[in-house]
Structures are given as C-alpha cells and as structure tokens.
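# Architecture at a glance
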Amino acid sequence: MGAHKATTLPFLVGGGEMGERISANDWSSTSLGPPGQWPQSLRSALGICLNAPAPILICWGADLLMLYNDAYRLILGNKHPQSLGRKAQAVWPELWHTLGPKLLDVCTRGQANGADNQLLLINRHGFLEAGYFSFSHSPIYDETGGVGGVFCLVTETTDTHLAEQQKRELIWAGQENERNLATLFDQASVGVAIIGPGPDFILEMANPFYGNLVGRSVDSLLGQPLLDAMPELVEQGVREVVMQVLTTGVPCVNRALPVVLLRDGQRETIYVDKIYQPRRTIDPSNGVDIITGVVVILTDITTTVRSRQQVEANERVLDAMIRQTPLGVGIWYGPEYIIERANPVLCQLWNHTPDELLSKPLFEASPESKGQGFEAMLDNVRTTAVAVKGSDQPARLYRNGHLETVYFDFIYEPLLSPEGHVDRIMVVATEVTKAREERHLMAENAKRLETLFEQAPVAVAIVGEGPAFVFELANPVYCDIAGRTVDQLVGKPMLEAIPEVVGLGFDTLLAGVIETGIPYVSRESTIDFIREGQRNVMYADFVYQPRREPDGRITGVVVIATDITLAVKTRQRVEVNERLLKTIIQQTPLGIGIYRGKDYMIELTNPALKQLWGRSLEQLNQQPLFEAVPELAGQEFKARLEAVSRTGLPYEGQEIPTQLLRNGQPDTIYFDYVFEPLHQSEEGIDRIMMVCTDVTERVMARQQTDQLLIRERQLNELKSNFITLASHEFRTPMGTILSSASLIGRYDGPNDSEKRARHVQHIKLAVQSLTGLLTDFLSISQMEQSSLRALPHPLHIVTFCQEVIQYMQAQIKPLQSIVYTHRSGDPTMFLDGPMLKHILINLLSNASKYSADGQPIELTTSVADDKLWLVVKDDGIGIPETDQDQLFSSFFRGRNVDHVEGTGLGLYVVKRYVDLLGGAIHFTSQLDAGTVFTIQLPLVPPFP
C-alpha cells in the first residue's frame, strides 16, 4: 500500500511517544479497530492516561488489550513496544495468577481493587526478578453502561522498600525459595521447567502447565534426561540452544517458534514463545556467580499464530484473486489519487510497469490520462460517495510506443474510511476495444447479409409465429415464385396474402416447425399455379427452418425455396432413356454391370450377372463392388479395373479364372469379359461397364481332357516305379526265405531245434515284410482307383490302440517298447478302424525302424473340440530339413536312411488315409534328436 499522510486524532495529541505509536499502529487485525472508531469512553480515558506523568495502563475489551503511557514503559522493560495492543495475559503471563483475577473481577463486578507494596516476580528483562508495586484497578464504563475496560494506575516501590527490607527479603526468599517456586510453577499459566547442566540435561523441575504443554505427566519428566524424556526434540536443536545458554550465560528468546511434540501418541506442531534463562548461583567458596542450569519458560501461542496465519492466508487469497482476475483492478488513495494497488492486468492495460505506478499520484504516473474526463469522474465519486460506471469509454493510452484510442467498461467504487468519508476509490476495468470492433463487424455483416438476402438466387422468406404467420421478409425470388410483389406479402398473414394455399396444410406445417424446433425439408415439391390465365407446374426444394432468438425461443420460420424445375424435367427425360436401356440390359443373356467411382459402387447389375456371381439384388445394388463380392479383391479382376480407371483404355480378357462364393461354397468360374470406360471427366474415369460370359464349361472340358492325359502319364510312371521297386524289395525277403528253408533241412538233429526256430523266425519276418509291401501296394491301388471310402464305426480308442501296440510288439526292434497314454476326452467315438490301424502301424513301424534298440516310442491320444489327436514320438535319427518338403511323396526316402530297408510308401499311405478321414498331419523333426508326428482327425457323430 502506498504511503499517505495520517491525521493525529485529538485525544492522542500531546501523548508523547505512545500517542504517536497508537496513532501509527495497524489496529485492523484487533478487536478495537481503527482509533477513529473507538468509543468516546475509551478516547477520554486514553487522553487522561497519555498526558499523566504516572505510569498508567488501560486494559480494554474482553481481551484486555493493553494501551499505556510513556511512564509505563519503564515497568515493561524490554517488553516495550511490542506490548502495545496485545492481551495483558500474553504480556504478563508470570503475573497473571495475581493480576488476572483482580482485572477480571473489575470487568465482571465493576468493583475497583488494588494493592500496596505488592511483591511480584516480574520478567521484564528476560528473567524473573522481584519487584514491589502499588496499583489500583478502576472500571471504565462505556456508552452502554457496562464495563468497557480497566484503568490501572501503577507505582513501582521497589527502590523505596528494597533497602529497608532487603535483608529480611533475602532471608525469606532463601527459606521459602522452593515453596515459592513450587507455587509459581503450579499456578503459572506458562510452562516452566528447570534443566540441569550437561551432558544429560536432567529435568529438575517442571510445572503442570509445562507437562500439559509437552503432552507428558510431570512425574514422567522429573529426573529424566531432557532428550530421553522427549526424544522428538533431538532433531529440533534444543541441545545446542541449552548448551549455548549454559556456556555464554546469555538468555535465548524465540518468538512464535514451531515445535513438534508427541502428544496423545500423535506428532503435533504447536507454536510457543520460548525463553531459555540461565539459572545463576553464588559459589559459597569464592562468592563467584556460576550457572547451574537453565530455566525454560514456554508460552503457548498456537491459537494466536494459527489465527494470524489464517488472516495472512486470507489476505494472500484476496491478493491472488486481485492479481489473477482477468479484470484490471486498482485502488487510489486520497485527493491526489495515490496508486496503492494496481494488479498486472491494469498495468498491462495502461502499458506501465508496477514500479512506474505504485505509490505515485495517478495523473503523474499516467500523464496521458489527463484531460480525458477521468479527473472529474473521480472527484465526483470522492465528493458524493456514489459509484460511477462507464461503458465503451474511449481513452487515449500508449500502445506500441504511440497513443491509441482504446475503449473500456469500468466502474469507480468509493471505499469509505471509519469516519464515513471516501478516502479511497477502487477501479475495476476491462478493455472492450476488440468487442466493440466485433460489434461493428457484426453490424456490417448484417448489412451484407441483407444485401445477400435481396440478391440470393434462391427464394427466401421469413414468417412470424402463428396463427397468423405474417410475412416479415420476402426476397425478390420468393415474390416471383409466389407471383406477388413485396408489398403484397410483407406484413400480411400468409393465408391472406396467398389464398390459393388455403387447405394445403402449410399453416399446420409451419406450426409444427415452431412447436418442435425441428426443420422440415421437402424435396422436389410440385407446385401448380395459374399465371396470366395459364396453368403452370414448377418443382422446388423447400426448407422450413425454425428462427431462434439468442435465448433459444422460436419466433418464426425461415422458408428457403430453390427452383429445380429445369433439373427435374431434364432428369425425367434421362430416366425415360435409362429405363429403356435397363430393359435391354435386363433381358440380355450376357452379364452386365456398371461400377462408379474409386470404390466401384455397383450402379447396375442385370439378372445374368447376379446369377453368375450367386448374389441377390439386395446384396449387390449400390454397394462397393469389393464389399459386395469380397472374394474378387485379391484377384486379377481388381487389378484390371484399376488399370482401366487409370489409363482410360478398355480391357478384354478371355478364360480368366475367378474365385467366387456361390451358395455358400467356393467355386472357380472362368469368364470372357470386357471392361469399357464410361463418362470420362476432368477427374478421370468415373464409371466402368463390364460385359462378361461364363465359359467355365468350355474351360473345364478342355482341362478334363488335359488331366486325363496327365493321369495316364502318371499311372505309367507309377507302374514303372512299382515294377522296379517290387523287383528290388521282393528279392531280399525271397532270398531270406529260400536261404532259411534250405538251412532248416540241414538241422534235423535233436539238438538243432533252436537253430530251426531261428530260421523259422527269419522266414516269418520276411513274409511279414512281403505282406506289408503288398498291403501298401493294394492301398495305393485302391486310392488311385478312387474306390476307397471311409466307413466309420464305433470304437474305443484306448482299447484300439492297445490292440495295435500288442500287434506291433512282434514287429519292433529288440528291447524297444511303445509307451501309450490317453490324456483326456471321451475314448468312445466313430471312426474308420482299418484306416486308423494302417496309420498307426506305419507311424509306429517307422519310429521303430529309425530308432536304436532299447529306445522307447511314445503314443499319445486325446479328444478335444470334437477332434481326435494322435501323437507318435521317437528319439531316432530324425529327418534332414532338405527332405521334409517331399516326405509324403510316393517312393520317396530320406537321404539318411539308405542303411534301413523301406519302400518310401509308408508316409505316402498315411497321408492319403488322413486325407480320406478329413484330417491333417504335421510333424517336427531334428537330426539325431527324433521326430514327432501329430494327426488331427474330426470325429464323426453317431448315426441316429
């Protein structure tokens, strides 16, 4: 706030230093308020007090706030001048047990009291000292007749009586020291404790108030080291302060000190005035003054501090609101209009910094504001105490280095002093220059809109509310359509101005738009009218739009009509021609379609094309081609269309294979077709016509002939491979049979049975090999002749697999075993058992052949998702990665199995059987680590 001249009130004149301090003190935060508003009773008493030579104290109000004269300063000592305006209890806590009851007795009962040569332990120099005082307390009656305060006349008699009573008092003080201290401790309204010397700082004494303040009982504190009794003080510098007082002997005073204490089990921050006073004792041996401890005096001012903090916070909030408001806010003081406050927005509006404005007279800080009428307005507010408001007020201010005219909305609000005079004026202003320009722009736009309304190529009229629906505006085009002049329409009810529309429902339509607020649109409305004796027909698009006021009310209807007669009649002629063309297209046996735009929107499809594509009209009409027939998207069809769109050149294709979904099934169709570009515009081709013919039968007949020739060639190759393989594979087992049969004839002795049995086993194995080979050949023959079909029947998969394993025990290598596990699912199912047996025997036989002796073979089955899962795993020699792609080809063997007998047909047969069962086979293999075959077969539901 800027500086200003203060006027000394009469009752403070001649009051010495204290009169000046009372005049200059900020009383706004106290219950007294500004001195100019103090009651006359207080003013009179204070006038007597300030001009008296004797020490006088006035305690005013419920808080007993202290007002005193110059003579009383000596009694206060170093508590002056901060005692002015404070509560008496806060200033004299050490005396309050004596003075408090007396003062309160005067306030409540109105009876004077006092004392002569009263001994008081007073702290006015930072430590407690004995003093003698004679004092009287008298009531001061306020304007209501009640006691408003206490008039305290005080005389210190310490020096007078000290010499006479010194010896007796010292003896008495020595004898009664402990009792007096205990009484003082117990009755004091401040916390008092005595701490012994270091290093332990034992708590020697503590009064109840101290215990209550620190949240402990006195018994739990006495005799304990200070920091053990209150460990939360360790980090708060208490040890250092006590050591400093013990070392230097200088008292330490802290005002409004925040202290964290553990009270009721919770850490709590309180605020105290804390005094550390050295306890001094005379050493009897040498008479030297020594320090034997520290007296700690605590005054709890938490409530006061928090109240002050709240006031300060409120002031900060108010200040922040003023600083952050988007309005310019300032306060001028006195007749010179000293700028006490100007927020950033106001500084910006004036184009000045705060330093250029604050604490300066308004018209010196902003000389450009002179002579623009602001002085007169401010003077008027100051003299009349009536606010002045301005709207669109022009002002010449500096902007970008030169004066410009800007416009403001503002208010000058008078602020009254306690005496009721206007001593300050608050201004709240906002710049409206841009808003004013926008209003002018809106007015110009409205004028342009009126011109546009008159010159618009469409018919526009505005009709008021019902039931009359009076024409408020009508442009020339609307008048022409209505066959009326502007004067014949504007200001007239609609049905009166145009009687020929009576009964056609226009009034009902307008009422509905006004009532619902929903626009009504009518396309290609037919209007019959008689003009110059001739019947005429015209076509128009009508829009009935509700007219809304700023508050949302509907007060009429805007009617917009567009004459489309020429367009409609032209389109009607085109439609006749299109219907004729469509008739021709619909009846031709060729498939014909027209596609529009980049998405190839289907504009037209004839019945022949719908039949070719297997789609209905609803699935095709006005749909993007590749959404209606998505299977065409990834085929040559799309690429050819894009080429025609890009180049503008037609394309002709013959026997083009196309994948289509017809009747829910994928089908390959062969077409001869032509793509012809249509309606070339500046943006390129916007339509393409397709004409196509299904030539699938012709292509299939030719392909069937080609396949028969290929099949014949494959059969010849198969026969040749069979003869070669048979001649090789039959030779080995036949040689084994002949050799073993010859040797059996020689072993006819009684001791040759084991040798005969061994050769019989060789013959059996050879026969089994031949049988397996013949079985594979027979299966291949059946497959090639397409005579083999799956014949499902009930089987129990666990029992079935166990039977196959039992059969295979005689086929696998010595010490090998087949480990079978059924993991999950119902084991009963419908499957072709013989086919499944062929599959398992071939896989298990291969696993045995290509695995070492003694290695186990794992067979696992499970049922899930209506499928049977078969897994055969071995740890054999594995399959080379380069051979894996051909593994299921007939007569193919891996490059690492030359040392093992085989035909190369086993896996070929397995694959064909799996295909016949509608399943799938997969495998993983790694050289020298084994192979895993996984077969997935769909389960056939049982027949009803």
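The model shown is predicted, which means the values in this text are computed figures rather than measured ones.

It is worth spelling out the pairing of strand 17 (residues 471–474) at this point. Pairing between strand 16 (residues 459–464) and strand 17: 3 bridges, direction antiparallel. Bridging across to strand 17, Ala461 finds its partner in Ala474. The antiparallel hairpin formed by strand 16 and strand 17 contains 6 residues in its connecting segment, where Phe469 sits at a positive phi of about 55°.

A few words now on the sheet that holds strand 9 (residues 266–282). An order of 7-6-10-9-8 is seen for the 5 strands of this open sheet, with the pairing classed as antiparallel. Each edge of the sheet is formed by a strand with only one pairing partner; in this case those strands are strand 7 (203–206) and strand 8 (252–263). Pairs of neighbouring strands in the sheet enclose a mean axial angle of 30°, with direction left out of account. Note that strand 6 (residues 191–195) and strand 7 share 3 bridges and pair antiparallel. Residue pairing across strands places Ile195 opposite Leu203, the latter belonging to strand 7. Packing against the sheet, helix 11 (residues 302–324) makes contact with strand 8, strand 9 and strand 10 (289–300), and its axis sits at approximately 130° to strand 9.

Before going further, it helps to spend a moment on the sheet that holds strand 15 (residues 422–431). Ordered by their spatial adjacency, 5 strands build an open sheet running 12-11-15-14-13, and the pairing between neighbours is antiparallel. Each edge of the sheet is formed by a strand with only one pairing partner; in this case those strands are strand 12 (338–342) and strand 13 (388–399). For this sheet, the mean angle separating the axes of adjacent strands, direction not counted, is 35°. Pairing between strand 11 (residues 328–333) and strand 15: 6 bridges, direction antiparallel. Looking across to strand 15, one finds that Tyr333 is bridged to Arg424.

In a pair of packed helices, the angle between the axes and the distance between the axes together describe the arrangement. Relative to each other, helix 29 (residues 833–849) and helix 30 (residues 906–916) sit at 150°, their axes nearing to 9 Å. Of the possible angle classes, the one that applies to helix 29 and helix 30 is roughly antiparallel. In this structure, helix 29 meets helix 30 at a crossing whose hand is left-handed. Residues Met835, His838, Ile839, Asn842, Leu843 and Asn846 of helix 29 touch helix 30, and the partners they reach there are Gly906, Leu907, Val909, Val910, Tyr913, Val914 and Leu916. Partitioned by chemical class, the residues of the contact of helix 29 with helix 30 number 9 nonpolar, 4 polar and no charged.

Further remarks concern the environment of Tyr141. Within the secondary structure layout, Tyr141 lies in strand 4 (residues 128–141). Residue classification places Tyr141 among the partly exposed positions, given a relative accessible area of 44%. For the pair Tyr141 and Leu42, spaced 99 residues apart in sequence, the C-alpha to C-alpha distance is 8.7 Å. Those residues in contact with Tyr141 that sit more than four places away from it in its chain are Ser41, Gly110, Gly146, Val147 and Gly148.

All right, on to unusual backbone geometry then. Omega for the peptide link from Gly198 to Pro199 comes to 10°, which places this bond in the cis form. The residue after Gly466, namely Pro467, is reached through a cis peptide bond having omega 5°. The residue Pro467 is located in the loop between strand 16 and strand 17 in this model. One non-glycine residue with positive phi stands out, namely Asp392, at about 55°. Here Asp392 is to be found in strand 13. The exposure class of Asp392 is partly exposed, given its relative accessible area of 25%.

Take empty space enclosed by the protein next. Over the atoms rolls a probe the size of a water molecule, and in doing so it shows where empty space is left. Counting across every chain of the model gives 4 cavities of 30 Å³ or more. Its boundaries defined by the atoms lining it, the largest cavity holds a volume of some 220 Å³. Trp350, Phe374, Phe408, Tyr412 and Val427 are the residues nearest the centre of the largest cavity, which is lined by 16 residues in total. Elements with a minimum of two residues in the lining of the largest cavity: helix 12 (344–350), helix 14 (362–365), strand 13, strand 14 (402–416) and strand 15. Class assignment for the residues of the lining of the largest cavity results in 14 nonpolar, 2 polar and no charged. Reported here for the second largest cavity is a volume of approximately 180 Å³. In this structure, the second largest cavity is lined by 17 residues; those nearest its centre are Leu57, Tyr72, Trp92, Leu99 and Val154. Taken together, the elements giving at least two residues each to the lining of the second largest cavity come down to strand 1 (56–60), helix 5 (96–109), strand 3 (113–123), strand 4 and strand 5 (147–156). The class makeup of the residues in the lining of the second largest cavity is 16 nonpolar, 1 polar and no charged.

Thresholds, definitions, all that
- Residues numbered from 1 in each chain as written.
- Predicted model: local features only at pLDDT ≥ 70, side-chain atom pairs only at ≥ 80, totals over all residues.
- Heavy atoms only, no water.
- Pairing = 2+ DSSP bridges.
- Helix = DSSP H or I, 4+ residues; strand = E, 2+ residues; numbered from the N terminus.
- Axes fitted to C-alpha atoms, helices over the stretch in contact; angles between N-to-C directions.
- Contact = heavy atoms within 4.5 Å.
- Parallel < 35°, antiparallel > 145°, perpendicular 65-115°, else oblique.
- Left-handed = near helix turned anticlockwise from the far one by under 90°.
- Nonpolar A, V, L, I, M, F, W, Y, C, P; charged D, E, K, R; others polar.
- Buried < 20%, exposed > 50% of the residue type's maximum accessible area, 1.4 Å probe, protein only.
- 1 Å grid on protein atoms, 1.4 Å probe; cavity = no way out; pocket = protein on both sides within 12 Å on 5 of 7 lines; lining within 4 Å.
- Points joined across faces, edges and corners; volume = space filled by probe spheres on them.

Keep in mind these numbers describe shape, not what the thing actually does.
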